[in-house]
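# A structural walkthrough
Read off the chains here:
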Amino acid sequence: DIDKSYNVLYINVNTERRKIMNYKFKTKPYAHQLKALKMSWNKPYFAYFMEMGTGKSKVLIDNISMLYDKGKINGVLIVAPKGVVKNWYEGEIPTHIVKHIDYKCVLWQSLINAKQQKKLNTLFETGQDLHILVMNVESLSTKKGYDFAHKFLFSHRAMMAIDESTTIKNPNAKRTKNICQLGLATKYNRILTGSPVTKSPLDLYKQCEFLQPELLGFSSYYAFRTRYAVMRTANFSGRSVQIVVGYRNLEELSEKLKAFSYRVLKDECLDLPKKTFMKREVLLTSEQTKAYLQMQKLAHAQMNGKLMSTATVLTQLMRLQQITCGHFKADDGTIQEMPNNRIGELLDLLYEVEGKVVIWAQFQRDVDNILTALHNEYGEGCCVDYYGLTPQENRQENIKKFQDPNSGVRFFVGTTQTGGYGITLTAASTMIYYSNGYDLEKRQQSEARIDRIGQKKPMTYIDIVCENTVDTRIVKALRKKVDIARQIMGEELKEWI
């Protein structure tokens, strides 16, 4: 329980109400977040299996603050996927960490110049400050990243936390092995994920091994697999291999997890805000960066000394945005594809989301690429489309399939120009904008497709954004309810480019 001022945390033991600590929350916790804290705050290891949008980041930060206040830790390593790692550093930690704690927080960068080295050195300064290191999970595949994390953890009474812990599900991946090794150096370990099992219950083994070796009662992944998977021998090109054909003893596995985890789904959280807006950032590939800079330079050259209409500038903006999505139209009219990180980020994001999802894109090419990726990952029947190339006679049937709770259709993929008006998609409570347009009305109307009569769950809206590009400006403007095409004119648009 918590007092009305959110200053004191209590726990009820039998009939007695005992004070745990004076702890003034910076941001008000929801009931499920308080329950998560009461279950976990002083445990050496714990798993927050909390669906995206339920605030597991805040729970971890409050847990860190409590342990620091009790003198249990003075260092924290937070490991997160590249799409959210900056949000921990710039958003979650400054927003939720309590005011009375002095802390030093550094975001790891692989290219270490003198300025970055100076920041990293602050993590080893003596004193009473809390030291927080935020690293992307990929960096722990490298010797440099692993060595620095190792030095940091052995220099502190430390906690290590893995956000979106399914990133360490692969027992053969180098980063998984390194992270599990680092977990041995800490006093407290935490994992956070909305969906601990992305494809198979076997995904759980390495996530739990990071928390504590043999936590599930097995000394190896193969012993664990033997207990919970049904195996069959198959022959491929004259080679005999073991493949998984089913699962068993899952109730037993579920009972084991309950001892050190807390599962939260959005529809169980009655006090959550109706809408939550989130952002996932991706970096341009080298090919995209080259094309983007060339197009940016060309656009500026065309503008210099010439009168350009807003429509013309918006066209240049669109070309830049196409490049951030991984394609552009060449002079001969053909579409050129470029390597990009956007599709990969979308698939990573979908692993974290429960239930059905609506995915909007600005360009038809994006829809085609998304559909191909989903078919490859989840099978042919996993999605329906609703965009310019969807035959009229199929559109209503596609909505019906998506809305049917018993169908195998999990994803609805379309453009806001075609699908953003009039239709009902309340089977989903999560909406992802793979790419955005400039029309505020289309954005608002498309958001409303899941916000209609029949929607019983809190809704989550997620924008995928290419860092340091026009994407960032577009999403900021739309979030502030600015109609870019009407309210932002020539000179300001030129500045965007």
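So, here's what we can say about the structure. (Residues numbered from 1 in each chain as written. Predicted model: local features only at pLDDT ≥ 70, side-chain atom pairs only at ≥ 80, totals over all residues. Heavy atoms only, no water.)

## Structural notes on the packing of aromatic side chains
Applying the stated rule across the entire model yields 16 aromatic pairs. For the ring pair Tyr45 and Phe260, a centre distance of 6.2 Å and an interplane angle of 70° mean the geometry is edge-to-face. Taken together, the residues span a long stretch of sequence, with Tyr45 in strand β3 (residues 45-50) and Phe260 in the loop between α9 (250-258) and β11 (261-264) at a distance of 215 residues. The interplanar angle of 75° and the centroid separation of 6.4 Å between the aromatic rings of Phe124 and Phe152 together place this pair among those described as edge-to-face. Highlighted residues: Phe124 in the loop between α4 (114-121) and β6 (130-136) and Phe152 in helix α5 (residues 143-154), separated in sequence by 28 residues. What links up through ring pairs into an aromatic cluster is the set Tyr205, Phe218, Tyr221, Tyr222, Phe224 and Tyr228. Cation over ring: Arg342 sits above Tyr434, and NZ or CZ is 5.6 Å from the ring centre. In this structure, Arg443 is placed above the aromatic ring of Tyr433, and the distance from its NZ or CZ to the ring centre is 3.8 Å. (Phe/Tyr/Trp six-rings, centres within 6.5 Å; stacked < 30°, edge-to-face > 60°. Helix = DSSP H or I, 4+ residues; strand = E, 2+ residues; numbered from the N terminus. Lys NZ or Arg CZ within 6 Å of the ring centre and 35° of its normal.)

## Points about the sheet that holds strand β16 (residues 383-386)
Spatially, 6 strands are ordered β12-β19-β18-β15-β17-β16 in an open sheet, and the strand pairing comes out parallel. Whereas interior strands pair on both sides, the edge strands pair on one side only; in this sheet they are β12 (275-282) and β16. Averaged over all pairs of adjacent strands, the angle between strand axes in this sheet comes to 20°, irrespective of strand direction. Contacting β12, β15 (356-361), β17 (411-415), β18 (428-433) and β19 (459-466), helix α12 (residues 342-352) runs over the sheet at an angle of about 155° to β19. In the packing of helix α13 (residues 364-378) onto the sheet, the strands contacted are β15, β16 and β17, and the crossing angle to β17 comes to about 165°. (Pairing = 2+ DSSP bridges. Axes fitted to C-alpha atoms, helices over the stretch in contact; angles between N-to-C directions. Contact = heavy atoms within 4.5 Å.)

## So, the environment of Glu377
Examined against the element boundaries, Glu377 turns out to sit in helix α13. Spatially, the C-alpha atoms of Glu377 and Leu347 are 8.3 Å apart, while their sequence positions differ by 30 residues. In terms of polar contacts, Glu377 uses its side chain to reach the side chain of Tyr351, at 2.3 Å. (Polar contact = N/O pair within 3.5 Å; in protein donor to acceptor, adjacent residues only side chain to side chain.)

## A short note on the layout of surface pockets
A volume near 930 Å³ is recorded for the largest pocket. Breaking the lining of the largest pocket down by element, the ones donating at least two residues are α2 (56-69), α3 (85-96), β12 and α17 (470-479). The element best represented in the lining of the largest pocket is α3, accounting for 8 residues. One number sums up the size of the second largest pocket: a volume of about 560 Å³. As for the second largest pocket, its lining consists of 18 residues, of which Val85, Trp108, Gln109, Asn136 and Leu283 are closest to the centre. Elements with a contribution of two residues or more to the lining of the second largest pocket: α3 and β12. When its residues are assigned to classes, the lining of the second largest pocket shows 5 nonpolar, 6 polar and 7 charged. (1 Å grid on protein atoms, 1.4 Å probe; cavity = no way out; pocket = protein on both sides within 12 Å on 5 of 7 lines; lining within 4 Å. Points joined across faces, edges and corners; volume = space filled by probe spheres on them. Nonpolar A, V, L, I, M, F, W, Y, C, P; charged D, E, K, R; others polar.)

## Topic: the sheet that holds strand β7 (residues 158-163)
With parallel pairing, the 7 strands of this open sheet are ordered in space as β5-β6-β4-β7-β8-β3-β11. Lying at the two open borders of the sheet, with one neighbouring strand each, are β5 (103-107) and β11. Each strand axis lies, on average, 15° off the axis of its neighbour in the sheet, ignoring direction. Note that β5 and β6 share 5 bridges and pair parallel. By the bridge assignment for β6, Cys105 is matched with Ile132. Strand contacts of helix α1 (residues 31-40): β3, β8 (188-193) and β11, with the helix running at about 170° to β11, the strand carrying the most contacts.

## Examining a nonpolar patch on the surface
On the surface, Val244, Tyr247 and Leu250 cluster together into a nonpolar patch covering about 230 Å² of accessible area. By the element assignment, Leu250 lies in helix α9. (Patch = residues over 30% accessible without salt bridge, like charges linked within 9 Å, V, L, I, M, F, W, Y side chains within 5 Å. Areas by Shrake-Rupley, 256 points an atom, 1.4 Å probe, with all protein chains shown as cover. Salt bridge = Lys/Arg side-chain N within 4 Å of Asp/Glu carboxyl O.)

## Let's talk about the pattern of salt bridges
Summed over the entire model, instances satisfying the criterion amount to 22 salt bridges. Its salt-bridge partner being Glu252, residue Arg227 comes within 2.5 Å of it at the nearest N-O pair. A residue pair is termed long-range when its members are at least 10 positions apart, and Arg227 in helix α8 (residues 221-228) and Glu252 in helix α9 qualify at 25 residues. Look at Arg227 and you get partly exposed, because its relative accessible area is 35%. With a shortest N-O distance of 2.9 Å, Glu255 and Lys258 are connected by a salt bridge. (Buried < 20%, exposed > 50% of the residue type's maximum accessible area, 1.4 Å probe, protein only.)

## Quick look at the nonpolar core
Ile359, Ile370, Leu374, Phe411 and Ile432 are the most contacted members of the largest nonpolar core, which has 47 residues in total. Secondary-structure elements contributing two or more residues to this core are α10 (286-303), α11 (310-325), α12, β15, α13, β17, β19 and α17. Discounting chain neighbours no more than four positions away, the residues touching Ile370 are Ile343, Leu346, Ile359, Ala361, Val413 and Tyr434. Of all hydrophobic cores here, the second largest spans 41 residues; its members include Leu120, Phe148, Ile179 and Leu216. (Core = buried A, V, L, I, M, F, W, Y, C linked by side-chain atoms within 4.5 Å.)

## Regarding the side chain of Thr122
Looking at the element boundaries, Thr122 is found in the loop between α4 and β6. A polar contact is formed between the side chain of Thr122 and the backbone oxygen of Lys119, at a distance of 2.5 Å. Discounting residues that sit within four places of it in the chain, Thr122 has contacts with Lys104, Val106 and His131.

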